[in-house]
Amino acid sequence: MTDRMAESGSVQELNRQSADRLNPRLTDPNYLVLRKRSDLFRRWLADVPGSRLLVLDVGGRLQPYRPLVEHRLARYIAVDLRVTSLVDIVGRGEQLPLASGVFDLVFCTQVLEYVPSPSCAVGEFYRVLKPGGALLLSAPSIFPRDSDEEYWRFEPASLRMLLAAFSRIEIEPEGGSITGFFRTMNVFLVSCVRFEWLKRVLAYSGVPFLNLVGRCLESLALTSNDQFAANYSAFAQK
């Protein structure tokens, strides 16, 4: 196996991880927010015109939302610092080696927390988009730190500030406070377990149980309170 394949894994494994993000399983601790993100992206993509889209995926080593636009693609370009067989350009979101005013759509999901200067990255997204082009973004608000390279968490006000140059901005929680609570419980529960065999037991017992309870309670809630939202998605149009 080459160093590149050791780093990236097989195409089949990448595709499996990608599919699990677009259509998450109940055994996934992040099921509730991933499910809501997919719903939001599907709705927003209906507002993106065009049948031959040029799409940029920043942090696109997996590309879970590519299938949502596959039927109307002209070209899909992925930029990431980590090399996988799906990455076209190895580079940073703050310094995109791409021409201005080229892309119809930019995806950036769960990347900004790792970027030292999110405003520079968003400025680059804006620069490479055509007039009328759209950005689909997701970023964490409440989540345990999973890497020493993480810098930020984001609230709606900070996202609006970052996206201020865009003419249209929509920001939605990926579930309200109930979703945020149960997702955080699941992630905390799994992260505290050291033994792999116990993680597997939780994946088919405690995790799906908490996901189902959270989903049911969220659907029964009279208001969509996002004070404890774990994640936010945003749609911004140039």
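Residues numbered from 1 in each chain as written. Predicted model: local features only at pLDDT ≥ 70, side-chain atom pairs only at ≥ 80, totals over all residues. Heavy atoms only, no water.

Outline the pairing of strand β2 (residues 73-80), listing residues and values.
The element β2 is extensively covered by neighbouring structure, given that six of its eight residues are classed as buried. Across six bridges, strand β1 (residues 53-58) lies against β2 in parallel orientation. Bridge assignment links Leu-53 to a residue of β2, and that residue is Leu-73. Across two bridges, β2 lies against strand β3 (residues 89-90) in parallel orientation. The residue bridging Asp-80 from the neighbouring strand is Val-90, located in β3. (Buried < 20%, exposed > 50% of the residue type's maximum accessible area, 1.4 Å probe, protein only. Helix = DSSP H or I, 4+ residues; strand = E, 2+ residues; numbered from the N terminus. Pairing = 2+ DSSP bridges.)

Go over the pairing of β1, please, and point to the residues and values.
Within a regular beta strand, the side chains point alternately toward one face of the sheet and then the other, so they alternate between its two faces. Among the six residues of β1, six are classified as buried, and the element is accordingly described as predominantly covered. Burial of the side chains of β1 extends over both faces: Leu-53, Val-55 and Asp-57 are buried on one face and Leu-54, Leu-56 and Val-58 on the other. Relative to strand β4 (residues 103-109), β1 runs parallel, the two being bridged by three bridges. Each residue of the ladder has a partner; that of Leu-56, found in β4, is Val-106.

Tell me what's going on with the environment of Ala-99, and back it up with residues and numbers.
For Ala-99, the position within the fold is in the loop between β3 and β4. Ala-99 gets classed as partly exposed once you look at its relative accessible area, which sits at 47%. Along the chain, Ala-99 and Arg-127 lie 28 residues apart, while their C-alpha atoms are 8.3 Å from each other. The contacts of Ala-99, once residues within four sequence positions are left out, are Arg-127 and Val-128. (Contact = heavy atoms within 4.5 Å.)

Outline the pattern of salt bridges, supporting the account with residue identities and numerical values.
Any two side chains of opposite charge can pair, on the condition that their charged atoms come close. Tallied over the full model, the rule gives 12 salt bridges. With a closest N to O distance of 2.8 Å, Glu-150 and Arg-153 form a salt bridge. Glu-150 sits in the buried class, given a relative accessible area of 13%. Two residues, Glu-170 and Arg-168, come together in a salt bridge whose shortest N-O distance is 2.5 Å. Accessibility expressed as a relative area gives 27% for Arg-168, which makes it partly exposed. A single network of salt bridges, built from pairs that share partners, joins Glu-13, Arg-16, Asp-20 and Arg-25. (Salt bridge = Lys/Arg side-chain N within 4 Å of Asp/Glu carboxyl O.)

Which residues make up the confidence of the model for the protein chain, and what values go with them?
Regions with low pLDDT should not have their predicted coordinates read in detail. Looking at the protein chain as a whole, the pLDDT averages 91, with 95% of positions reaching at least 70. Low pLDDT, under 50, characterises residues 1-8; the stretch is placed with 12 contacts to residues that sit more than four places away or in other chains. (pLDDT = per-residue confidence, 0-100.)

Let's hear about the packing of helix α6 (residues 177-192) against helix α8 (residues 206-220): which residues, and what values?
Two numbers describe how α6 lies on α8: the axes approach to 9 Å, and their chain directions differ by 175°. As judged from the angle between their axes, α6 and α8 are roughly antiparallel. Mapping the contact onto sequence places Ile-178, Thr-179, Phe-182, Met-185, Asn-186, Leu-189 and Val-190 in α6 and Gly-206, Val-207, Leu-210, Asn-211, Val-213, Gly-214, Leu-217 and Glu-218 in α8. Per-class residue counts for the contact of α6 with α8 are nine nonpolar, five polar and one charged. (Axes fitted to C-alpha atoms, helices over the stretch in contact; angles between N-to-C directions. Parallel < 35°, antiparallel > 145°, perpendicular 65-115°, else oblique. Nonpolar A, V, L, I, M, F, W, Y, C, P; charged D, E, K, R; others polar.)

Could you give an account of the nonpolar core, naming the residues involved and the relevant values?
When a protein is soluble and globular, its nonpolar side chains tend to lie buried together. Counting residues in each nonpolar core, the largest one holds 32 residues, and the members touching the most others are Leu-56, Leu-112, Phe-125 and Leu-135. Residue assignment for this core shows that the elements contributing at least two residues are β1, β2, β4, α4 (118-128), β5 (129-140), α5 (156-162) and β7 (231-237). The contacts of Leu-56, once residues within four sequence positions are left out, are Ile-77, Val-79, Leu-96, Leu-98, Phe-103, Leu-105, Val-106, Phe-107 and Val-128. Counting residues in hydrophobic clusters, the runner-up holds 19 residues, among them Leu-40, Leu-53, Tyr-65 and Leu-136. (Core = buried A, V, L, I, M, F, W, Y, C linked by side-chain atoms within 4.5 Å.)

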